[in-house]
Amino acid sequence: MDVCVQNIVASVVTGETFDLDYISSKLEEAEYSPKKFPGLIYKLKEPKTALLVFTSGKLVCTGAKTVPMVHKAVDKVRKRFKEIGVEIKQDPEIKVQNIVATSDLKKEINLTSIAITLGLENVEYEPEQFPGLVYRVREPKAVALLFTTGKIVCTGTKNKEDIKIVLGKIEAELSNAGFI
């Protein structure tokens, strides 16, 4: 199965503290409404990402499709902050927290039959509430959403190798049960 990473969420620890009022006053592309949300939202066009910046010096990067893209976004924010007099002295610690990826079985599947056959231990399927089947994988820990179209959304992993393992397990289980 082909895997297409849709979003990487990474945490960033800078070791600094930030004056978000000052930063938002100097960066017109920054959004800061502390009554609505405690962080400053800084969107980049290239690479297309958004960074949430907190007073604590922590950032959350979202929207990247590769880990190098996360690093590029963080570097760009560091440079932009330095231009306005906010220096991040040490190399930030960047840690991937979650990867969302999609895949396709290239075949329609019967979710009701799958839910009945695979049992309730790892599967949740309530079509009145959500059109997809929720499939929980224990090792590596992940959640996959399966849809009747054969499309799969996988979340909860921290690297692409784990996504491939999770999707491989699901594909093998569906194949062994005769669904694909």
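The numbers attached to residues start from 1 for each chain and follow its sequence in the written order. A pLDDT threshold of at least 70 governs which residues receive local features in this predicted model, and a stricter bar of 80 or more applies before side-chain atom pairs are shown or counted, although totals over entire chains, interfaces and linings include all residues. To obtain the side-chain values, all non-hydrogen atoms of the structure were included, while hydrogens and water were left out.

## Here's the deal with the overall build of the protein chain
Point 1. Strands are runs of DSSP state E lasting at least 2 residues, helices are runs of H or I lasting at least 4, and numbering of each runs from the N terminus. Along its length, the protein chain carries four helices and ten strands.
Point 2. Reading the helices (α) and strands (β) of the protein chain from amino to carboxyl end gives β-α-β-β-β-β-α-β-α-β-β-β-β-α.
Point 3. In terms of C-alpha radius of gyration, the protein chain reaches 20 Å, well past the compact-globule figure of 16 Å for 180 residues.
Point 4. Per-residue burial over the protein chain gives 37% buried out of 180 residues. Note that the radius of gyration is over C-alpha atoms, with the globule rule given as 2.2 Å times the number of residues to the power 0.38. Accessibility here uses a 1.4 Å probe with only protein chains present; expressed as a share of the type maximum, an area under 20% marks a residue as buried, one over 50% as exposed, and anything in between as partly exposed.

## A short note on helix H3 (residues 111–118)
Point 1. Of all the residues in H3, the buried ones are Leu111, Ile114, Ala115 and Leu118. Along the axis of H3, the buried residues cluster in a sector spanning 100°; they form a single face.
Point 2. When checking whether two residues touch, look at their non-hydrogen atoms; a contact exists if any pair is within 4.5 Å. Residues of H3 that are buried in the fold lie against strand E7 (123–124), strand E8 (133–137), strand E9 (142–146) and helix H4 (160–176).
Point 3. Whenever a nitrogen or oxygen atom comes within 3.5 Å of another N or O atom, the pair is scored as a polar contact, on the condition that within protein one atom can donate a hydrogen and the other can accept it, and that pairs from neighbouring residues in sequence are kept only if both atoms are in side chains. For H3, the N-terminal cap is Asn110; the gap from its side-chain oxygen to the backbone nitrogen of Thr112 is 3.1 Å.
Point 4. One or two positions beyond H3, positive phi appears at Gly119, with a value near 80°. Directions pointing from the helix axis toward each C-beta atom define the arc.

## Observations concerning the nonpolar core
Point 1. Only buried Ala, Val, Leu, Ile, Met, Phe, Trp, Tyr and Cys residues count toward a nonpolar core, and they belong to the same one when joined by side-chain atoms within 4.5 Å. Phe18, Ile23, Phe81, Tyr135 and Leu146 are the most contacted members of the largest nonpolar core, which totals 51 residues.
Point 2. Here this core gets six residues from one element, more than from any other, and that element is helix H2 (residues 67–83).
Point 3. Contact partners of Leu146, with chain neighbours within four places excluded, come to Ile109, Leu111, Gly132, Leu133, Tyr135, Lys151, Ile152, Ile170 and Leu174.

## Observations regarding H2
Point 1. Helix span is expected to be 1.5 Å times the residue number reduced by one. Helix length check: H2, at 17 residues, gives a terminal C-alpha distance of 25 Å against a target of 24 Å (1.5 Å per residue), a fit within 8%.
Point 2. Inspection of H2 places Met69, Val70, Ala73, Val74, Val77 and Phe81 among the buried residues, and these make up the whole buried set. Taken down its axis, H2 places every buried residue within 135° of arc, on the same side. Set apart from the buried face of H2 by more than 90 degrees, the exposed residues are Pro68, Lys79, Lys82 and Glu83.

## Focus on unusual backbone geometry
Point 1. For the bond running from Glu46 to Pro47, omega is -5°, close enough to zero to count as cis.
Point 2. Note on placement: Pro47 falls in the loop between strand E3 (40–44) and strand E4 (49–53).
Point 3. With an omega of -10°, the peptide bond between Glu139 and Pro140 qualifies as cis.
Point 4. Within the fold, Pro140 resides in the loop between E8 and E9.

## Structural notes on the pattern of salt bridges
Point 1. Here a salt bridge means any side-chain nitrogen of Lys or Arg lying within 4 Å of a carboxyl oxygen belonging to Asp or Glu. Under the criterion given, the structure shown has nine salt bridges.
Point 2. Residue Glu83 pairs with Arg80 through a salt bridge whose shortest N-O separation is 3.0 Å. Of this pair, Glu83 and Arg80 are both found in helix H2, three residues apart, which corresponds to roughly one turn of the helix.
Point 3. Using a relative accessible area of 24% as the deciding quantity, one classes Arg80 as partly exposed.
Point 4. Within this structure, Glu29, Arg80 and Glu83 form a network of salt bridges that share partners.

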